[in-house]
Amino acid sequence: MTYVPHTDRERADMLKAIGASSIEELFSDVPQSVRFPDVKLPLPISEFEVAREMQVLANCNFAVDPSRCFLGAGVYQHFRPATVDYVLSRGEFYTSYTQYQPETSQGFLQALFEYQSMICRLTGMEVSNASHYDGATALAEAVLLALNVGSGKRNTVVLSPAVHPQYRAVIRTYLRGTHAATIIGDDDAKTGLDQLKTLLDQNTAALVIQNPNFFGQCEAVDGLADAVHRAGALLIVVTDPIALGLFQPPGAYGADVVTAEGQPLGIPPSFGGPHLGIFAARMAHVRRMSGHLVGETVDAEGRRGYVLTLATREQHIRRAKATSNICTNSAVCALAAATYLSTMGTQGLRCVAELCFHNSHYAAIEIGRLKGFAINPQAPAQPFFKEFVMRLPGPASVINARLRERHGIIGGYDLGRDYLHLRDHMLIAVTEVHSRADIDQLVAALREAAS
Amino acid sequence: MRYETIPTVYEASVPGRHGIDLPTPDVPLSPLPAAGLRSDRPLPELSQLDVVRHFLALSQRNFGVDTGFYPLGSCTMKFNPKINEQIARLPGFAEPHPLQDPESVQGNLTLMFELQQWLMAIGGFAAVSLQPAAGAHGEFTGLLMIRAYHRDRGDTERTRILIPDSAHGTNPASTTMAGFTAVELPSDARGNIDLEAVRAACDADVAGIMITNPNTIGLFEEQIVEVVRLVHECGGLVYGDGANMNALAGIARPGDLGFDVMHYNLHKTFSTPHGGGGPGAGPVGVSARLKDFLPGPVIKRDGEHFAPAMPEKSIGRVSTFFGNFGMFVRAVAYIRQHGLAGLRANSEHAVLNANYLRVKLRNLFTLPFDRTCMHEFVCQGVIHGTGVRAIDISKRLLDYGFHPPTNYFPLIVPEALMIEPTETEAKPTLDAFVTAMEAIAKEAQRDPALIKGAPHETPVRRLDEVKAARELVLTDRAKTGSG
C-alpha cells in the first residue's frame, strides 16, 4: 500500500503533459548501472496487518505501569495531563514545519513564544530558544556558546562529574571538532563543587554543573556564581524543570546559561526520545545562542503577531559562520511542554514537585531501614529532590533482574556502569506517579530481592 | 473575516484559577529544606477549558499538510499516515525506559535493528547508526566520522570540505562545527556542480565533499560518478546530504554511486511528521571503511537476541540514549507498509508530480535550468514589469489557501521559488495550484499593489520583521500575580 492517489488516467494525462512516454523515462539522468536496484526489503503489507505486527512487537517489551518503574537517570515517569496529547494530536500543529511563513503559522509561533516565556520565568533566565534536540545536545551547545564568548582565549571547560554521564559524553563528541578546547574536572568521579572551584582560572570558559545533580542531590550553590564570574567564566547549569516548581531557579543564584531535559513536562519516555532540549540564557548571550527564536512584532495594520527572529545567527543565512548548524529542532515537544505548564500552572507544578519530594523521601527512609542498604552513603547530609543513591547488599544487575522477574518492578540505574566507586549502588527515582502502596511494594520487593 | 488577537496564556491568567488536581500526599511528609525554595508565581493560572480553547484556537491559525497543499521545497511535506501516530502511542513503545535491561526491551531493539537493516538496504550502505536527531545532526556526525577516519590513518592535514554553492546552509555550518573549512564550489550552466572546479579543488588538503543528489535545484547530478571518482582519488570521502532521498528511494542507492556516508531524514522520506520544526531523525548510513567510527549505541544481533553496542572506533554519542526512537517506530511502520515497490512508487510519483508542475508553470515563470527534474524544481518568482517578487507571490498564495514554496533558496537562483509537491498530492490539487499561480500572474499585471500587500485573508497581514529583530521582545511582558 502506498498513499499515492494517482489513477491510471491521471498518470497518463500527466505524462502526456510532460511529454514523456513513461515514468521510467524521467529517471534517465540516473546512471543505468545503478538504476532500479533490487533492494532487500520485506514485501509490503496492509495498514491493518502493520498495526497488528507492530502491536506484537510492542508486546515483546516489558512495559510496566509507570507506578512500577523506579528508573530515572535523565528520563522520568511523570503524570501527563490529557490536555497534552489532545493538543499534540491537532494535525494543524504536528503536520506543519518551521514557521518560515509567519502569516500562516501564527498559532505555532504564539505557542512557542509562550513556551519561551514560561521557560524564562521557570529558569529565571531572560531568553529561551524555541527548543533543542534533547537535554544533552542543548548542554553541548551551551558549552560551545561559552567557548565562543571566551573567543579563543578561554579554552577550558570545568565539568562536574555529577553531570549526567551521557551528557558529558555528548559534550566530548561535540568538542571533537573544536581543536583547542579541553575538559577538566570530571576525571575523578568524587570531585565536588569546592574542588571544581579551585580549577577556575583565566583559561576557564565555563563551569558546568547539574542541579539537582545526576545523583538527585541539591548542590550547595551559594557563592558559586560569584566565584565563576570572578574568574571571568560562565556558569552553566543543567536542571530538572520539575524541581523548578519548588526550588529557586538557576537564574536566582547567578547562572548564565540554563539547559534541561524537558521530557518530564508531559512527554512520554518513548525509549529515550524524542525529547526536548531546553536552552535559556541571559540576554547578553542572545546573539550567540543556537536555535530558533520567536519574537513579538506587529503586522501591516498594527496588530500583534509573531515571527522567527535573529535569523542572522542561523545556518540558512550565515552558513559557515552560523552559531550552530541546527535547523530541525523539537518544536512539537516544546508545544507539549507549553500545554503541560499551562495546565499545571504555578500551583500544579508546585504540587508535583512536592509529591516528588515527599514520596522519594518516604522511599529513602523505608529503604534505609532494610538490612544491607544505605541511602546516599557518599553525601548523607545533602538534600535531595526526587532521586537518591542506595548502596546495595549485592550487584545491582542481580537485584534488578529479581525485581523484574519476581515482582514486575523496574528497579533503578546501576551506577557502577559509570562510576567505579559506586559498584553495587543504584539510583532510584520516585515521583508523583508512585503512591505509598507502590513504594511499600518496592521496599518489600527489595527486601526479598536482596535476601 | 476580522481576526482578534488571541491573549497569551499569561494575559489570560487569573491568580487562583487552576487546571488540574493532583493527589494529596499519602506518605508521611518530610520537612522541606529551610532555604532555597521559590515563592514567586512563574506560570500562568488557567482552567482546563481555558487551556483547551487556547491551544485549539492557536491550532486554527496554523497550516499543516493536513490543512492543505504544502509544496515547501527541500522539506518533503508529504502525508503523515495516521496509523503511524497510533502505533507510536502504543504503551509498549511509548512507555519503556531507555535504561531498562536490554532483555526487557527486545521488541524495541528488534525494531531498531530492522530499521538499521532496511536503511542499509535502501541506501546501499554497510552499516547504519540511528543516533542523530535531525538532518543537520547527521551531517555533523558524518563529518566527525570523516575526521576520525583520516586521523585514524595518521592523515591529519586534511582540513577542507568541498561544498557546492547550491547546498543547504546546514552543510557549511556543520563543516565549521566539525572543525573543517568549507570551500564553496560553483555550479555549471546545467545546474550541476562544476566538474572542472571539483577537479581543481581536489588535493591532499581535501577531507571530503558534501553533495546533495538530487541537488537543491531538484536536478540529478549528471556527473556524479566522475565527481565521486575525483574526490576518492585525492583521498577524500564523499558525504551525501540525504534531504532529497524522496526522489531516489527504490530508484538508486547512494552507496552504489560510491557515497561513503549519508544521513536520512526520516521526517522527509519516511513520513514521520515535521512537528512544526521537529523532532525529526537523521540516521547515518556508511560504507565499510567508516563502519567502525559510527556513533553508538548501534543495535547488534546475536542469534535471536538484540543488544546495544559501541562500534570499535566510535566517535562517541551524539545524543542521549538511542536517538529519537518514537520516529523510528513511525518509519518502520511506513517502510513495512510500502516495501520496495511502494517506496519506488513514491519516488516515481514525487518526480512525476514535480515535472507536471514544472511544465505547467514554465510559461509563467523563468526556469533557470529547464530540464527533467527529480522530486522538486526551482523557478524565478518574478513577474516582469510589475515589481512583483518571489515573496509577494508566496504571500498571495496564502490568500488562495496554499502554503508557499520555499523562498530565496537555493541562493544561486535569484528570487527562487523551490517547489516540491510530493507524491501524495493528486492531480486536481496540482491543477488548482497552477490555476492560482496563473491568477496571481494576471493580478500582478492588473494590480501589483494587491500582490505586494498580500496576504489579505490570513489572521495577520505582513509582519514587521525588522522591528522584531531590533526590539527583541522574546518573552511575554504580561505580569502574573506576585508570590
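## Some words on the overall build of chain B
Each helix and strand counted, chain B has 13 helices and twelve strands in total. The C-alpha radius of gyration of chain B comes to 25 Å, within 12% of the 23 Å expected for a compact globule of 483 residues. Here the C-alpha coordinates of chain B stretch approximately 70 × 70 × 45 Å along the principal axes. Residue burial in chain B is summarised as follows: out of 483 residues, 61% are buried. For chain B, restricting intrachain contacts to residue pairs at least 6 apart in sequence, the fraction spanning at least 24 positions comes to 72%.

## Here we look at the sheet that holds strand β12 (residues 413-414) of chain A
All names here are of chain A. Read from one edge of the open sheet, four strands run β10-β11-β13-β12, paired in antiparallel fashion. Since the sheet does not close on itself, it has two edges, and those belong to β10 (374-375) and β12, each with one partner. As paired strands, strand β11 (residues 387-391) and strand β13 (residues 425-429) are joined by five bridges and run antiparallel to one another. Within the sheet, the bridge partner assigned to Arg391 lies in β13 and is His425.

## Observations regarding the interface of chain A and chain B
On the chain B side, the residues contacting the 162 residues of chain A number 168 residues. Considering every element that reaches the side of chain A that touches chain B, the biggest residue donor is helix α11 (residues 331-368) of chain A, with 22 residues. A breakdown of the residues in the side of chain A that touches chain B according to their chemical character gives 85 nonpolar, 54 polar and 23 charged.

## Focus: helix α13 (residues 436-450) of chain A
Since the α-helix advances by 3.6 residues per turn, residues separated by three or four positions end up pointing in the same direction. All names here are of chain A. An ideal rise of 1.5 Å per residue puts 21 Å on 15 residues; α13 measures up with 21 Å between its terminal C-alpha atoms. Considered for burial, the residues of α13 that qualify are Asp438, Ile439, Leu442, Ala445, Leu446 and Ala449. The buried side chains of α13 occupy one side of the element, clustering within an arc of 125 degrees when seen end-on. α13 presents Ala437 and Glu448 as exposed residues on the side facing more than 90 degrees away from its buried surface. Packed against the buried residues of α13 are α11 and α12 (396-407).

## Regarding the domain arrangement of chain A
Residues and elements named next belong to chain A. Segmenting chain A into domains produces domain 1 (66-79 + 346-450) and domain 2 (82-338). Computed over C-alpha atoms only, the centres of domain 1 and domain 2 are separated by 28 Å. Listed by contribution, the elements that provide at least two residues to the side of domain 1 that touches domain 2 are α11 and β11. Looking at the side of domain 1 that touches domain 2 element by element, the count peaks at seven residues for α11. Residues of the side of domain 1 that touches domain 2, tallied by class, amount to 16 nonpolar, five polar and five charged.

## Section: the packing of helix α4 (residues 106-123) of chain B against helix α9 (residues 325-361) of chain B
Residues and elements named next belong to chain B. Direction vectors running N to C along α4 and α9 enclose 45 degrees, while the axes themselves pass 10 Å from each other. Classified by the angle their axes make, α4 and α9 are oblique. Where α4 crosses over α9, the two elements pack in a sense that is left-handed. Along its contact with α4, which presents Asn108, Leu111, Met112, Glu114, Leu115, Trp118 and Ile122, the element α9 presents Phe325, Phe328, Val329, Ala331, Val332, Ile335 and Leu343.

## Overview of unusual backbone geometry
With an omega of 5 degrees, the peptide bond between Gly278(B) and Pro279(B) qualifies as cis. Here Pro279(B) is to be found in the loop between β6 (261-264) and β7 (284-286). Here the amide bond leading from Gly296(B) into Pro297(B) is cis, since omega sits at 5 degrees, within 30 degrees of zero. If you trace the backbone, Pro297(B) turns up in the loop between β7 and β8 (298-302). In this structure, Ser151(A) is a non-glycine residue whose phi angle is positive, near 35 degrees. Its location among the elements puts Ser151(A) in the loop between α6 (135-149) and β2 (156-159). According to the C-beta neighbour criterion, Ser151(A) is exposed, with 8 such atoms within 10 Å. Positive phi is not limited to glycine here, since Phe321(B) has a value of about 60 degrees. Along the polypeptide, Phe321(B) turns up in the loop between β9 (305-309) and α9. Judged by C-beta crowding, with 24 C-beta atoms within 10 Å, Phe321(B) ranks as buried.

## Quick notes on the packing of α11(A) against helix α1 (residues 48-59) of chain B
Direction vectors running N to C along α11(A) and α1(B) enclose 155 degrees, while the axes themselves pass 9 Å from each other. Here α11(A) is positioned roughly antiparallel relative to α1(B), judged by the angle of their axes. Between α11(A) and α1(B) lies a crossing whose hand is right-handed. Of α1(B), the residues touching α11(A) (which contributes Thr339(A), Ser342(A) and Thr343(A)) are Gln48(B), Val51(B) and Phe55(B). Within the contact of α11(A) with α1(B), the residues separate by chemical class into two nonpolar, four polar and no charged.

Conventions we followed
- Residues numbered from 1 in each chain as written.
- Chains lettered and ligands numbered in written order.
- Predicted model: local features only at pLDDT ≥ 70, side-chain atom pairs only at ≥ 80, totals over all residues.
- Helix = DSSP H or I, 4+ residues; strand = E, 2+ residues; numbered from the N terminus.
- Rg over C-alpha atoms; globule rule 2.2 N^0.38 Å.
- Buried ≥ 20, exposed ≤ 12 C-beta atoms within 10 Å, placed from the backbone.
- Contact = placed C-beta atoms within 7 Å.
- Pairing = 2+ DSSP bridges.
- Nonpolar A, V, L, I, M, F, W, Y, C, P; charged D, E, K, R; others polar.
- Expected span 1.5 Å × (residues − 1).
- Arc of directions from axis to C-beta.
- Domains from an automatic or database assignment.
- Axes fitted to C-alpha atoms, helices over the stretch in contact; angles between N-to-C directions.
- Parallel < 35°, antiparallel > 145°, perpendicular 65-115°, else oblique.
- Left-handed = near helix turned anticlockwise from the far one by under 90°.

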